[in-house]
Amino acid sequence: MKIKSIECFVLADTLKETFYFSQWEYAERRICVVKVTSESGHIGWGEGYGPAGVLKAGIEFLSPFLIGMNALETETIWIKMYRRTLDYARRGILVASISAIDVALWDLKGKILQQPVHLLLGGKKRDYVTAYATGLYYTKGEGLVDRLCEEAKQYVEFGYTAIKMKVGLSIEEDTEYVKKVRNTIGPNIKLMIDANHAYNLREAIILANSVEQYDISWFEEPISPEYYGQYAELRSKTTIPIAGGECEYLRFGFQNLLQSKSVDIVQPDICSTGGLTEAKRIATLATVYGVDVVPHTWGSGIAFSAALHFISNLEIMPGRMFSPECFIEHDRSENPLREQLTSSSMKFDNGKFVISDEPGLGFTLNEDALYKYAIDDTANKFAIK
Ligand code: MG
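Residues numbered from 1 in each chain as written. Predicted model: local features only at pLDDT ≥ 70, side-chain atom pairs only at ≥ 80, totals over all residues. Heavy atoms only, no water.

A. Region of the structure containing the pattern of salt bridges. This model, assessed by the stated rule, comprises 22 salt bridges. For Glu 25, the salt bridge is made with Lys 140, and the minimal N-O distance between the two is 3.9 Å. Of this pair, Glu 25 sits in strand β2 (residues 25–38) while Lys 140 sits in the loop between β4 (128–134) and α5 (144–158); the two residues are 115 residues apart in sequence, bridging distant segments of the chain. According to the relative accessible area criterion, Glu 25 is partly exposed, its value standing at 46%. For the salt bridge of Arg 338 with Asp 331, the shortest nitrogen-to-oxygen distance reads 2.9 Å. Under the relative-accessibility criterion, Arg 338 is labelled buried at 12%. It is possible to trace a salt-bridge network through shared partners that takes in Arg 29, Asp 331, Arg 332, Arg 338 and Glu 339. (Salt bridge = Lys/Arg side-chain N within 4 Å of Asp/Glu carboxyl O. Helix = DSSP H or I, 4+ residues; strand = E, 2+ residues; numbered from the N terminus. Buried < 20%, exposed > 50% of the residue type's maximum accessible area, 1.4 Å probe, protein only.)

B. Representation of helix α9 (residues 250–259) in the model. Taken as a whole, α9 has its buried residues at Leu 250, Gly 253, Phe 254, Leu 257 and Leu 258. Relative to the axis of α9, the buried residues are bounded by an arc of 135 degrees and lie together on one face. Along its buried surface, α9 packs onto α2 (74–85), α3 (93–113), α8 (228–235), β8 (242–244), β9 (265–266) and α10 (275–289). Downstream of α9 by a residue or two, Lys 261 has a phi angle that is positive, lying close to 55 degrees. (Arc of directions from axis to C-beta. Contact = heavy atoms within 4.5 Å.)

C. Summary view of the sheet that holds strand β1 (residues 3–20). Strand order in this open sheet of four strands is β3-β2-β1-β16, and the pairing throughout is antiparallel. Only two strands of the sheet have a single partner each, and these edge strands are β3 (43–48) and β16 (374–375). Where β2 and β3 come together, six bridges link them in antiparallel fashion. Paired with Cys 32 across the bridge in β3 is Gly 48. (Pairing = 2+ DSSP bridges.)

If you want it as C-alpha coordinates, here you go:
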(Lines give C-alpha, C1' and ligand atoms only; values in the text may rest on other atoms or scores of the structure.)
Protein backbone atom coordinates (compact mmCIF):
# COMPACT_ATOMS: atom_id res chain seq x y z
CA MET A 1 0.00 0.00 0.00
CA LYS A 2 2.65 2.48 -1.07
CA ILE A 3 2.06 6.21 -1.37
CA LYS A 4 2.12 6.90 -5.08
CA SER A 5 1.57 10.65 -5.24
CA ILE A 6 0.85 13.74 -3.14
CA GLU A 7 -0.84 16.76 -4.72
CA CYS A 8 -1.58 20.08 -3.14
CA PHE A 9 -4.23 22.68 -4.01
CA VAL A 10 -4.84 26.22 -2.84
CA LEU A 11 -8.51 27.18 -3.16
CA ALA A 12 -9.81 30.72 -2.88
CA ASP A 13 -13.07 32.59 -3.19
CA THR A 14 -14.06 36.21 -2.61
CA LEU A 15 -16.85 36.69 -0.09
CA LYS A 16 -20.08 38.55 -0.82
CA GLU A 17 -19.75 40.41 2.46
CA THR A 18 -16.56 41.16 4.38
CA PHE A 19 -16.70 40.25 8.07
CA TYR A 20 -14.29 40.95 10.87
CA PHE A 21 -13.39 40.07 14.47
CA SER A 22 -11.00 41.47 17.04
CA GLN A 23 -7.85 40.77 14.99
CA TRP A 24 -8.53 41.30 11.27
CA GLU A 25 -11.18 41.05 8.56
CA TYR A 26 -12.04 38.34 6.06
CA ALA A 27 -12.79 39.42 2.49
CA GLU A 28 -12.08 35.98 1.03
CA ARG A 29 -11.70 32.37 2.10
CA ARG A 30 -8.50 30.54 1.19
CA ILE A 31 -7.65 26.97 2.11
CA CYS A 32 -4.98 24.40 1.37
CA VAL A 33 -6.13 20.88 0.48
CA VAL A 34 -3.91 17.85 -0.02
CA LYS A 35 -4.66 14.67 -2.00
CA VAL A 36 -2.70 11.51 -1.27
CA THR A 37 -3.06 8.61 -3.71
CA SER A 38 -1.90 5.05 -3.04
CA GLU A 39 -0.56 2.60 -5.61
CA SER A 40 -3.85 0.73 -5.19
CA GLY A 41 -5.66 3.82 -6.55
CA HIS A 42 -7.30 4.84 -3.26
CA ILE A 43 -7.41 8.54 -2.44
CA GLY A 44 -7.25 10.36 0.91
CA TRP A 45 -7.97 14.05 1.42
CA GLY A 46 -6.49 16.37 4.04
CA GLU A 47 -6.53 20.05 4.90
CA GLY A 48 -4.24 22.36 6.83
CA TYR A 49 -5.21 25.32 9.03
CA GLY A 50 -3.17 28.45 8.42
CA PRO A 51 -1.99 30.63 5.52
CA ALA A 52 -2.71 28.39 2.50
CA GLY A 53 0.28 29.24 0.32
CA VAL A 54 2.74 28.67 3.17
CA LEU A 55 1.04 25.38 4.05
CA LYS A 56 1.41 24.31 0.43
CA ALA A 57 5.15 25.08 0.49
CA GLY A 58 5.47 22.97 3.65
CA ILE A 59 3.58 20.05 2.10
CA GLU A 60 5.73 20.25 -1.03
CA PHE A 61 8.86 20.18 1.13
CA LEU A 62 7.66 17.05 2.97
CA SER A 63 6.18 15.10 0.05
CA PRO A 64 9.38 13.69 -1.55
CA PHE A 65 10.30 11.97 1.74
CA LEU A 66 6.97 10.12 1.80
CA ILE A 67 6.60 8.75 -1.72
CA GLY A 68 6.93 4.96 -1.58
CA MET A 69 6.25 4.68 2.15
CA ASN A 70 3.45 2.38 3.35
CA ALA A 71 0.36 4.61 3.51
CA LEU A 72 -1.10 2.58 6.40
CA GLU A 73 1.83 3.42 8.69
CA THR A 74 0.42 6.76 9.83
CA GLU A 75 2.55 6.96 12.96
CA THR A 76 5.81 6.00 11.23
CA ILE A 77 5.13 8.59 8.53
CA TRP A 78 4.24 11.20 11.17
CA ILE A 79 7.57 10.68 12.94
CA LYS A 80 9.46 10.97 9.67
CA MET A 81 7.72 14.28 8.87
CA TYR A 82 8.37 15.64 12.35
CA ARG A 83 12.04 14.67 12.30
CA ARG A 84 12.43 16.39 8.93
CA THR A 85 11.05 19.68 10.30
CA LEU A 86 11.74 20.01 14.01
CA ASP A 87 15.19 21.53 13.60
CA TYR A 88 13.59 24.49 11.81
CA ALA A 89 10.06 24.77 13.16
CA ARG A 90 9.14 22.88 16.29
CA ARG A 91 5.81 24.73 16.27
CA GLY A 92 3.81 26.58 13.65
CA ILE A 93 3.12 26.28 9.98
CA LEU A 94 5.31 23.26 9.19
CA VAL A 95 3.43 21.37 11.90
CA ALA A 96 0.22 22.43 10.14
CA SER A 97 1.62 21.03 6.87
CA ILE A 98 2.32 17.75 8.70
CA SER A 99 -1.27 17.89 9.96
CA ALA A 100 -2.75 18.21 6.48
CA ILE A 101 -0.84 15.16 5.23
CA ASP A 102 -1.66 13.19 8.38
CA VAL A 103 -5.41 13.85 8.00
CA ALA A 104 -5.22 12.72 4.36
CA LEU A 105 -3.41 9.54 5.40
CA TRP A 106 -6.12 8.66 7.93
CA ASP A 107 -8.79 9.20 5.29
CA LEU A 108 -6.73 7.06 2.89
CA LYS A 109 -6.25 4.31 5.49
CA GLY A 110 -10.02 4.20 6.02
CA LYS A 111 -10.66 4.01 2.29
CA ILE A 112 -8.11 1.21 1.82
CA LEU A 113 -9.41 -0.82 4.78
CA GLN A 114 -13.06 0.13 4.11
CA GLN A 115 -13.49 1.27 7.71
CA PRO A 116 -14.50 4.57 9.31
CA VAL A 117 -11.66 6.60 10.84
CA HIS A 118 -13.31 6.58 14.29
CA LEU A 119 -12.96 2.79 14.32
CA LEU A 120 -9.31 3.00 13.27
CA LEU A 121 -8.71 5.52 16.08
CA GLY A 122 -9.90 2.89 18.55
CA GLY A 123 -13.68 2.95 18.38
CA LYS A 124 -16.75 5.12 18.64
CA LYS A 125 -17.54 6.30 22.18
CA ARG A 126 -20.72 8.16 21.16
CA ASP A 127 -23.17 8.09 18.24
CA TYR A 128 -23.70 11.83 17.96
CA VAL A 129 -21.92 15.06 18.78
CA THR A 130 -23.63 18.34 19.71
CA ALA A 131 -22.82 21.11 17.26
CA TYR A 132 -22.32 24.66 18.38
CA ALA A 133 -22.78 27.39 15.80
CA THR A 134 -19.79 29.69 15.37
CA GLY A 135 -20.86 32.99 13.91
CA LEU A 136 -21.92 36.42 15.10
CA TYR A 137 -18.93 38.07 13.46
CA TYR A 138 -18.94 41.81 12.92
CA THR A 139 -19.93 43.60 9.74
CA LYS A 140 -19.64 47.27 8.88
CA GLY A 141 -22.64 49.54 8.88
CA GLU A 142 -25.53 50.55 11.10
CA GLY A 143 -27.57 48.20 13.26
CA LEU A 144 -24.81 45.71 14.12
CA VAL A 145 -26.35 44.50 17.35
CA ASP A 146 -29.74 43.92 15.71
CA ARG A 147 -28.05 41.85 13.01
CA LEU A 148 -26.23 39.79 15.64
CA CYS A 149 -29.47 39.10 17.48
CA GLU A 150 -31.27 38.16 14.26
CA GLU A 151 -28.43 35.77 13.34
CA ALA A 152 -28.53 34.18 16.80
CA LYS A 153 -32.30 33.75 16.51
CA GLN A 154 -31.86 31.94 13.19
CA TYR A 155 -29.39 29.48 14.73
CA VAL A 156 -31.89 28.61 17.45
CA GLU A 157 -34.68 28.17 14.89
CA PHE A 158 -32.40 25.90 12.87
CA GLY A 159 -31.97 23.61 15.88
CA TYR A 160 -28.66 24.61 17.45
CA THR A 161 -28.59 24.35 21.23
CA ALA A 162 -25.26 26.18 21.60
CA ILE A 163 -23.85 29.33 19.98
CA LYS A 164 -20.46 31.04 20.15
CA MET A 165 -20.21 34.78 19.60
CA LYS A 166 -17.27 37.08 19.12
CA VAL A 167 -16.19 39.62 21.70
CA GLY A 168 -13.15 41.91 21.67
CA LEU A 169 -14.46 45.25 20.41
CA SER A 170 -14.48 46.91 23.84
CA ILE A 171 -15.68 45.84 27.27
CA GLU A 172 -18.72 48.11 27.02
CA GLU A 173 -19.79 46.95 23.54
CA ASP A 174 -19.07 43.29 24.35
CA THR A 175 -21.20 43.44 27.50
CA GLU A 176 -24.09 45.10 25.66
CA TYR A 177 -23.98 42.61 22.76
CA VAL A 178 -23.72 39.57 25.03
CA LYS A 179 -26.68 40.81 27.07
CA LYS A 180 -28.81 41.38 23.95
CA VAL A 181 -27.90 38.04 22.37
CA ARG A 182 -28.66 36.23 25.65
CA ASN A 183 -32.04 37.98 25.88
CA THR A 184 -32.76 36.99 22.27
CA ILE A 185 -31.93 33.29 22.58
CA GLY A 186 -33.39 32.79 26.06
CA PRO A 187 -31.94 30.86 29.01
CA ASN A 188 -31.88 27.34 27.52
CA ILE A 189 -29.29 27.81 24.77
CA LYS A 190 -25.60 27.54 25.66
CA LEU A 191 -23.69 30.74 24.89
CA MET A 192 -19.90 30.98 24.57
CA ILE A 193 -17.73 34.03 23.92
CA ASP A 194 -14.43 34.23 21.99
CA ALA A 195 -12.11 37.26 22.24
CA ASN A 196 -9.36 35.90 19.95
CA HIS A 197 -6.93 37.19 22.60
CA ALA A 198 -8.07 40.82 22.32
CA TYR A 199 -7.47 41.70 25.97
CA ASN A 200 -4.86 41.96 28.67
CA LEU A 201 -5.41 40.28 32.03
CA ARG A 202 -7.06 43.25 33.77
CA GLU A 203 -9.49 43.81 30.88
CA ALA A 204 -10.30 40.10 30.63
CA ILE A 205 -11.14 39.97 34.36
CA ILE A 206 -13.45 42.99 34.04
CA LEU A 207 -15.20 41.54 30.99
CA ALA A 208 -15.58 38.10 32.59
CA ASN A 209 -17.08 39.64 35.72
CA SER A 210 -19.48 41.81 33.73
CA VAL A 211 -20.85 38.95 31.56
CA GLU A 212 -20.93 36.18 34.19
CA GLN A 213 -24.59 37.02 34.85
CA TYR A 214 -25.46 35.95 31.26
CA ASP A 215 -24.56 32.30 31.85
CA ILE A 216 -21.48 31.94 29.63
CA SER A 217 -20.42 28.34 29.01
CA TRP A 218 -16.82 29.29 28.23
CA PHE A 219 -14.62 32.35 27.58
CA GLU A 220 -12.29 31.48 24.71
CA GLU A 221 -8.85 33.02 24.18
CA PRO A 222 -9.39 35.99 26.49
CA ILE A 223 -5.66 36.87 26.53
CA SER A 224 -2.70 36.35 24.18
CA PRO A 225 -1.77 32.64 24.09
CA GLU A 226 1.76 33.59 25.17
CA TYR A 227 0.69 34.33 28.77
CA TYR A 228 0.00 30.98 30.45
CA GLY A 229 0.30 32.44 33.94
CA GLN A 230 -2.22 35.17 33.22
CA TYR A 231 -4.72 32.58 32.00
CA ALA A 232 -4.31 30.76 35.31
CA GLU A 233 -4.85 33.98 37.24
CA LEU A 234 -7.97 34.81 35.23
CA ARG A 235 -9.35 31.34 36.00
CA SER A 236 -9.06 32.10 39.71
CA LYS A 237 -11.07 35.32 39.31
CA THR A 238 -14.13 34.14 37.39
CA THR A 239 -16.58 31.26 37.50
CA ILE A 240 -16.71 31.17 33.68
CA PRO A 241 -14.68 28.22 32.32
CA ILE A 242 -11.66 29.40 30.32
CA ALA A 243 -10.88 27.82 26.92
CA GLY A 244 -7.83 28.05 24.67
CA GLY A 245 -5.34 26.16 22.54
CA GLU A 246 -6.23 26.88 18.92
CA CYS A 247 -2.77 28.52 18.52
CA GLU A 248 -0.98 25.69 20.32
CA TYR A 249 1.00 22.95 18.60
CA LEU A 250 1.83 19.35 19.41
CA ARG A 251 1.60 17.57 22.75
CA PHE A 252 4.56 19.64 23.91
CA GLY A 253 2.68 22.90 23.51
CA PHE A 254 -0.39 21.48 25.24
CA GLN A 255 1.77 20.24 28.07
CA ASN A 256 2.70 23.91 28.75
CA LEU A 257 -0.96 24.92 28.70
CA LEU A 258 -2.04 22.06 30.97
CA GLN A 259 0.86 22.16 33.40
CA SER A 260 0.30 25.88 34.03
CA LYS A 261 -3.41 25.24 34.81
CA SER A 262 -4.30 27.86 32.21
CA VAL A 263 -7.57 26.44 30.89
CA ASP A 264 -10.66 24.39 31.71
CA ILE A 265 -11.05 23.33 28.07
CA VAL A 266 -8.29 22.68 25.51
CA GLN A 267 -9.04 23.40 21.85
CA PRO A 268 -6.48 21.72 19.57
CA ASP A 269 -7.07 22.29 15.86
CA ILE A 270 -6.54 18.88 14.25
CA CYS A 271 -5.45 20.52 10.97
CA SER A 272 -2.63 22.49 12.59
CA THR A 273 -1.67 20.85 15.87
CA GLY A 274 -0.22 17.71 14.29
CA GLY A 275 -3.15 15.94 12.62
CA LEU A 276 -5.28 13.14 14.01
CA THR A 277 -2.17 11.21 15.10
CA GLU A 278 -1.01 14.02 17.41
CA ALA A 279 -4.51 15.20 18.42
CA LYS A 280 -5.13 11.75 19.91
CA ARG A 281 -1.95 12.10 21.98
CA ILE A 282 -3.07 15.56 23.13
CA ALA A 283 -6.47 14.18 24.14
CA THR A 284 -4.76 11.48 26.17
CA LEU A 285 -2.59 14.11 27.84
CA ALA A 286 -5.70 16.17 28.66
CA THR A 287 -7.21 13.20 30.52
CA VAL A 288 -4.10 13.12 32.72
CA TYR A 289 -4.94 16.67 33.80
CA GLY A 290 -8.73 16.16 33.89
CA VAL A 291 -9.35 18.86 31.30
CA ASP A 292 -12.07 18.71 28.62
CA VAL A 293 -11.28 18.77 24.90
CA VAL A 294 -13.32 20.67 22.32
CA PRO A 295 -11.33 20.97 19.07
CA HIS A 296 -11.07 24.25 17.22
CA THR A 297 -12.52 23.60 13.75
CA TRP A 298 -12.31 25.99 10.81
CA GLY A 299 -12.16 25.45 7.07
CA SER A 300 -13.86 22.96 4.78
CA GLY A 301 -15.78 19.74 5.32
CA ILE A 302 -12.46 17.87 5.40
CA ALA A 303 -11.43 19.59 8.65
CA PHE A 304 -14.95 19.23 10.02
CA SER A 305 -15.11 15.50 9.27
CA ALA A 306 -11.71 14.92 10.87
CA ALA A 307 -12.96 16.68 14.01
CA LEU A 308 -16.18 14.63 14.09
CA HIS A 309 -14.32 11.33 13.95
CA PHE A 310 -11.87 12.54 16.58
CA ILE A 311 -14.65 13.64 18.94
CA SER A 312 -16.64 10.46 18.47
CA ASN A 313 -13.55 8.58 19.64
CA LEU A 314 -12.66 11.03 22.44
CA GLU A 315 -12.03 9.50 25.84
CA ILE A 316 -13.71 11.19 28.79
CA MET A 317 -12.26 11.50 32.26
CA PRO A 318 -12.13 7.97 33.72
CA GLY A 319 -14.60 7.36 36.52
CA ARG A 320 -16.61 10.50 35.93
CA MET A 321 -20.22 9.88 36.93
CA PHE A 322 -21.89 11.45 33.90
CA SER A 323 -20.49 11.58 30.41
CA PRO A 324 -20.15 15.27 29.54
CA GLU A 325 -21.82 16.58 26.41
CA CYS A 326 -19.24 16.57 23.61
CA PHE A 327 -19.25 19.57 21.27
CA ILE A 328 -18.07 20.21 17.74
CA GLU A 329 -17.48 23.70 16.40
CA HIS A 330 -19.67 24.36 13.35
CA ASP A 331 -18.54 27.51 11.58
CA ARG A 332 -21.52 29.25 10.01
CA SER A 333 -19.77 32.31 8.57
CA GLU A 334 -19.89 32.71 4.79
CA ASN A 335 -17.71 30.09 3.04
CA PRO A 336 -18.67 28.75 -0.42
CA LEU A 337 -15.63 26.43 -0.33
CA ARG A 338 -16.98 24.71 2.75
CA GLU A 339 -20.45 24.37 1.25
CA GLN A 340 -19.37 23.03 -2.14
CA LEU A 341 -16.16 21.04 -1.70
CA THR A 342 -17.56 18.04 0.18
CA SER A 343 -20.82 16.26 0.81
CA SER A 344 -20.82 14.50 4.14
CA SER A 345 -22.42 11.29 5.34
CA MET A 346 -22.75 12.92 8.80
CA LYS A 347 -26.22 14.41 9.01
CA PHE A 348 -27.31 17.34 11.16
CA ASP A 349 -30.33 16.37 13.24
CA ASN A 350 -31.85 18.56 15.94
CA GLY A 351 -28.63 20.33 16.88
CA LYS A 352 -26.46 17.22 16.66
CA PHE A 353 -24.33 15.47 14.06
CA VAL A 354 -25.00 11.75 13.78
CA ILE A 355 -21.76 9.80 13.33
CA SER A 356 -21.75 7.60 10.24
CA ASP A 357 -19.76 4.45 9.56
CA GLU A 358 -18.82 5.31 5.99
CA PRO A 359 -15.18 4.45 5.14
CA GLY A 360 -12.43 7.01 5.77
CA LEU A 361 -13.55 10.41 6.96
CA GLY A 362 -17.02 9.79 5.53
CA PHE A 363 -17.32 12.51 2.90
CA THR A 364 -17.30 12.65 -0.88
CA LEU A 365 -15.07 15.29 -2.40
CA ASN A 366 -16.52 17.27 -5.28
CA GLU A 367 -13.61 17.56 -7.73
CA ASP A 368 -15.58 20.02 -9.89
CA ALA A 369 -15.58 22.44 -6.93
CA LEU A 370 -11.90 21.69 -6.29
CA TYR A 371 -10.90 22.80 -9.79
CA LYS A 372 -13.42 25.64 -9.83
CA TYR A 373 -11.79 27.30 -6.81
CA ALA A 374 -8.16 26.16 -7.29
CA ILE A 375 -5.78 29.04 -7.93
CA ASP A 376 -2.17 29.24 -9.03
CA ASP A 377 -0.82 30.94 -5.92
CA THR A 378 2.69 30.98 -7.35
CA ALA A 379 1.49 33.71 -9.72
CA ASN A 380 1.08 36.22 -6.86
CA LYS A 381 3.02 39.43 -7.30
CA PHE A 382 3.71 41.81 -4.46
CA ALA A 383 4.16 45.47 -5.31
CA ILE A 384 2.83 48.86 -4.37
CA LYS A 385 -0.46 49.36 -6.21
MG1 MG B 1 -11.46 30.84 18.70
